[in-house]
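# Descriptive structure summary
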Amino acid sequence: MTLPAPQADPTTARRAFAGHVGAWLGLALLDFGVRLVERPQEALGLRLAVHAIDLGQLLLLGLSSGAVAYAWRRYGPERRGLGLFSGLLLLTILAIVVAERILWLELLGAAGHTPIPWEIEARIIPALFALSVPAAAGLAYKLGPTKLGPLCVIAGLGLGAAHQLLFPNLYPGIHTFATWVAALLVAEGSQGLLARPVAFWDRRSRWVRRATLAVAVALGLVATVAPIPPNAATRLRQIPGAVVARHVPRWDAAGVASARVEGPWYRSRAALPAIPATAIPWAPDKPIVLLVLVDALRADVLMGDEAEHMPALRQLAASGLQFRRTWSIAPGTAETVSGLLAGKYPSQLHWARQPTSRSRKMVLWPKDDSVRVANLLDDAGVATSVVKGMPGFALNYGLTQGIAEVTDVHSRRAKTIAQGWLRWVDSHEDRASFCYVHFIEAHRPYDLAGTEGTLRERYLRELTLADQGIEAVVKGIAERGLSDRLVLIVSADHGEGFGEHNAYYHGTTLYEEMVRVPLVIHHPALHPRVVDSRVSLIDLAPTILDLFGVATPGSYMGQTLAPVLAGGSLAATRPIYLDSQRGLTGMVFEDGHKLLVDDGLPELYDLDADPGEEENIYDGGDHARRHLGELRAFEKAHQMVPVRRQ
């Protein structure tokens, strides 16, 4: 089969222009359809506003890429083969530059598996990823004028839908490249289909064509550079195919300086003296304190019918203290565990890239000399231990720094981990002790309890396995006659997403599904009740120290829950800060508002009126800017240095 060579004539150039504009408009319409499938309940007015902006932004992108394609075909090299080569070369350079800009941090975690130094490999991987762009363009360019051109169009539209529907939780940069590749497949693959539409367009008068293009450019510019209502901007950021919205600089948050906020928590705590332990009347002489973190356990699991999947934890909550408004420190395990046990937020700790034990992969772990809870307990003569079960679970990379003993039971099963802890207690029964255990159920891919059913059903079945570990702890301690000494703290490192805000699993957002967690504290002397005070897992460090009568360093960022354990109430003064190492920060305020900042885009929600965080009410007014200024003041006072963890 003889394939036609590129022709430097106006008709071919106009087809190229039309193909690129049409491709990006088609992807904008595809975004509308995907969003309709993902969020059918969204209000029509808001939906139309969001997609009008998306359409304008992608129209401008299509006009820009179409102009380049037109100029290359109309005025570029004419000799057979040279035109394709030069075009692909320029496209390759552009793709590599863009990949190095938006993919380097996202793909950094993939480096470290070859003999090549990881710093070099981390640059090579995005460049190799970028080659998908010229590859798609070259293939579609060759096949577009032939009978196989429609297959490229179908493949492009299929890719445009698939990466959004099947893999919505991919990094934004990967979504951007998937959309780019899809647009090129459609644009170049449609060349053979555009003869009649372009001929029809050519028959219009010159002034009509120019006026139409001018209006299209104006609409695209307005949609891209004009201020966007906060709620619409938030929705746009949740559409994987809305690639312009994700990368347009946000000036709203950038223009707000830190506020002057009075109060001890908005000043540096680095040099503050230690805080004496708060007395807990019923605390045993030799307490056995066990901190159990159930991986990815959402708070709402214990607040509805799904609680039937965790009968042991439900019983503990009914006979102990259940904190119903608890936030994790971050949406990821490493950040939360390291912060909880250091009494500081992850952005206050020093992190360094270190190779994992199973490969040369360079991963960011806390490497910080801050005094940990375990250091203080060890100085007080308390035995400390971590019992880990997940093979390769990186509890020894600074997350549990200072803990004296590490026991590996070589099993992911919660019951086995619980039995390992009970054996450790048997050998330390005569001492006060603190131990941290982590139940990996229910972590994706949710395959430990079968793979039948929906993701949520598989997740809940795995939580039942974790609950069996909790049951084994309670039963084993009772059999040993140590129930009066056990203070059992059960919570989670983070929550889990199941499509809310177009996100799955964890680590990618600070919305409630990923940062709201349960917190249950149980001891026979506690009067059972539900606690509605707003608390954070950062509060557990001083609380654990109080249980052993150990003073809390003044630099710790949490506020002890000891008054609640003693039967009183919590007069919380510290703000609840939400940390992340993916460009996300946030804060929960006493007035019920929650502020998030995602790469410069501020979002404000009234959690009392809108617990699902459906409507971003940040309007740039005094009230919203005051909250943003308070967030900035807190970060400035405590020298928060966010680090992107890969």
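Residues numbered from 1 in each chain as written. Predicted model: local features only at pLDDT ≥ 70, side-chain atom pairs only at ≥ 80, totals over all residues. Heavy atoms only, no water.

This part is about the sheet that holds strand β18 (residues 601-606). Here we have four strands laid out as an open sheet, ordered β15-β16-β17-β18, and antiparallel in their pairing. The open sheet terminates on both sides in strands that have one partner only, identified here as β15 (576-578) and β18. Neighbouring strand axes in the sheet, compared pairwise and without regard to direction, differ in orientation by 15° on average. When β15 meets strand β16 (residues 584-588), the two strands line up antiparallel, connected through three bridges. Bridge pairing in β16 places Ile576 opposite Val588. (Pairing = 2+ DSSP bridges. Helix = DSSP H or I, 4+ residues; strand = E, 2+ residues; numbered from the N terminus. Axes fitted to C-alpha atoms, helices over the stretch in contact; angles between N-to-C directions.)

Here the focus is the sheet that holds strand β1 (residues 288-294). Backbone-to-backbone hydrogen bonds join strands into a sheet, with any given pair of strands oriented parallel or antiparallel. As summarised here, the arrangement of the eight strands in space is β7-β6-β8-β1-β9-β12-β2-β13, forming an open sheet in which the pairing is mixed. Each edge of the sheet is formed by a strand with only one pairing partner; in this case those strands are β7 (405-408) and β13 (529-531). Strand-to-strand twist of the sheet, defined as the mean angle between neighbouring strand axes without regard to direction, takes the value 15°. When strand β9 (residues 486-491) meets strand β12 (residues 519-522), the two strands line up antiparallel, connected through three bridges. If you follow Ile489 over to β12, its bridge partner there is Ile521. Together, β2 (321-323), β9 and β12 form the strand contacts of helix α14 (residues 311-319), whose direction differs from that of β12 by roughly 65°. (Contact = heavy atoms within 4.5 Å.)

Turning next to the packing of helix α1 (residues 10-38) against helix α2 (residues 44-75). In contact at an axis separation of 8 Å, α1 and α2 are set at 160° when each is read in the N-to-C sense. Viewed along their axes, α1 and α2 adopt a mutual orientation that is roughly antiparallel. When you trace α1 past α2, the crossing you get is right-handed. Each residue belonging to the contact of α1 with α2 can be placed in one class, and the counts come to 20 nonpolar, six polar and seven charged. (Parallel < 35°, antiparallel > 145°, perpendicular 65-115°, else oblique. Left-handed = near helix turned anticlockwise from the far one by under 90°. Nonpolar A, V, L, I, M, F, W, Y, C, P; charged D, E, K, R; others polar.)

Strand β17 (residues 593-598) sits mainly inside the fold: six of its six residues count as buried. Across the two faces of β17 the burial is the same, with His593, Leu595 and Val597 and Lys594, Leu596 and Asp598 all buried. Two strands pair when backbone bridges link them, and β16 and β17 are joined in this way by five bridges, in the antiparallel orientation. Across the sheet, Val588 pairs through a bridge with Lys594, a residue of β17. The loop that links β16 with its antiparallel partner β17 comprises four residues; one of these, Gly592, has a positive phi angle of about 90°. Sheet topology places β17 next to β18; six bridges connect them, and they run antiparallel. Each residue of the ladder has a partner; that of Asp598, found in β18, is Leu601. Between β17 and β18, which follow one another and run antiparallel, lie two residues, and Asp599 among them has a positive phi close to 50°. (Buried < 20%, exposed > 50% of the residue type's maximum accessible area, 1.4 Å probe, protein only.)

It is at 10 Å that the axes of α1 and helix α7 (residues 149-165) come closest, and there the two elements cross at 35°. Between α1 and α7 lies a crossing whose hand is right-handed. Every residue of α7 that contacts α1 at Leu27, Leu30, Asp31, Val34, Val37 and Glu38 is listed here: Leu157, Gly160, Ala161, Gln164 and Leu165. Broken down by class, the residue content of the contact of α1 with α7 amounts to seven nonpolar, two polar and two charged.

Moving on, we get to unusual backbone geometry. Note that the residue after Glu441, namely Ala442, is joined by a cis bond; omega there is 10°. Positionally, Ala442 belongs in the loop between β8 (433-439) and α18 (455-479). Here the residue pair Arg444 and Pro445 is connected by a cis peptide bond, since its omega of 15° sits within 30 degrees of zero. Positive phi values are uncommon outside glycine, yet Ala296 reaches one of about 65°. By the element assignment, Ala296 lies in the loop between β1 and α14. A positive phi angle, close to 65°, is found at Tyr505, a residue other than glycine. By the element assignment, Tyr505 lies in strand β11 (residues 504-505). Of the residues examined, Tyr505 reaches a relative accessible area of 21% and is grouped as partly exposed.

Further remarks concern the packing of aromatic side chains. Taken as a whole and judged by the stated rule, the model has 14 aromatic pairs. On the numbers, 5.4 Å between centres and 35° between planes, the contact of Tyr577 with Phe634 is tilted. Linking Tyr577 in strand β15 with Phe634 in helix α22 (residues 622-637), this pair joins segments that are 57 residues apart in sequence. Overall, the relative accessible area of 1% leaves Phe634 in the buried class. (Phe/Tyr/Trp six-rings, centres within 6.5 Å; stacked < 30°, edge-to-face > 60°.)

On to α1, then. Owing to its 3.6 residues per turn, the α-helix aligns residues three or four sequence positions apart on the same side. In this model α1 runs 42 Å from its N-terminal to its C-terminal C-alpha over 29 residues, within 8% of the 42 Å that 1.5 Å per residue would give. Of the residues making up α1, those classed as buried are Ala13, Ala16, Gly19, His20, Val21, Ala23, Trp24, Leu27, Ala28, Asp31, Val34 and Arg35. The inward-facing, buried residues of α1 contact α2, α7, α8 (172-189), α11 (230-237) and α12 (243-247). (Expected span 1.5 Å × (residues − 1).)

So, on to a nonpolar patch on the surface. Residues Val37, Leu165, Leu166, Phe167 and Leu170 make up a contiguous nonpolar surface patch of roughly 480 Å² in combined accessible area. Mapped onto the fold, Phe167 is located in the loop between α7 and α8. The class for Phe167 is partly exposed, based on a relative accessible area of 48%. (Patch = residues over 30% accessible without salt bridge, like charges linked within 9 Å, V, L, I, M, F, W, Y side chains within 5 Å. Areas by Shrake-Rupley, 256 points an atom, 1.4 Å probe, with all protein chains shown as cover. Salt bridge = Lys/Arg side-chain N within 4 Å of Asp/Glu carboxyl O.)

Time to look at the pattern of salt bridges. Within this structure, the stated rule accounts for 18 salt bridges. Ionic pairing is found between Arg14 and Asp202, a salt bridge with its closest N-O pair at 2.8 Å. Remark: Asp202 occurs in helix α9 (residues 195-202) and Arg14 occurs in helix α1; sequence separation between them is 188 residues. Overall, Arg14 belongs to the partly exposed group, its relative accessible area being 27%. On the basis of relative accessible area, Asp202 is assigned to the partly exposed category, the value being 27%. Between Arg73 and Glu188 there is a salt bridge whose closest N-O contact spans 2.6 Å. Placement of Arg73 in helix α2 and of Glu188 in helix α8 is noted, with a sequence separation of 115 residues between them.

Inspection of the secondary structure assignment puts Lys594 in strand β17. Polar side-chain contacts of Lys594 include one of 2.6 Å to the side chain of Glu512. Those residues in contact with Lys594 that sit more than four places away from it in its chain are Leu510, Tyr511, Glu512, Val515, Leu578, Met587, Val588, Glu603, Leu604, Tyr605, Leu607 and Glu613. (Polar contact = N/O pair within 3.5 Å; in protein donor to acceptor, adjacent residues only side chain to side chain.)

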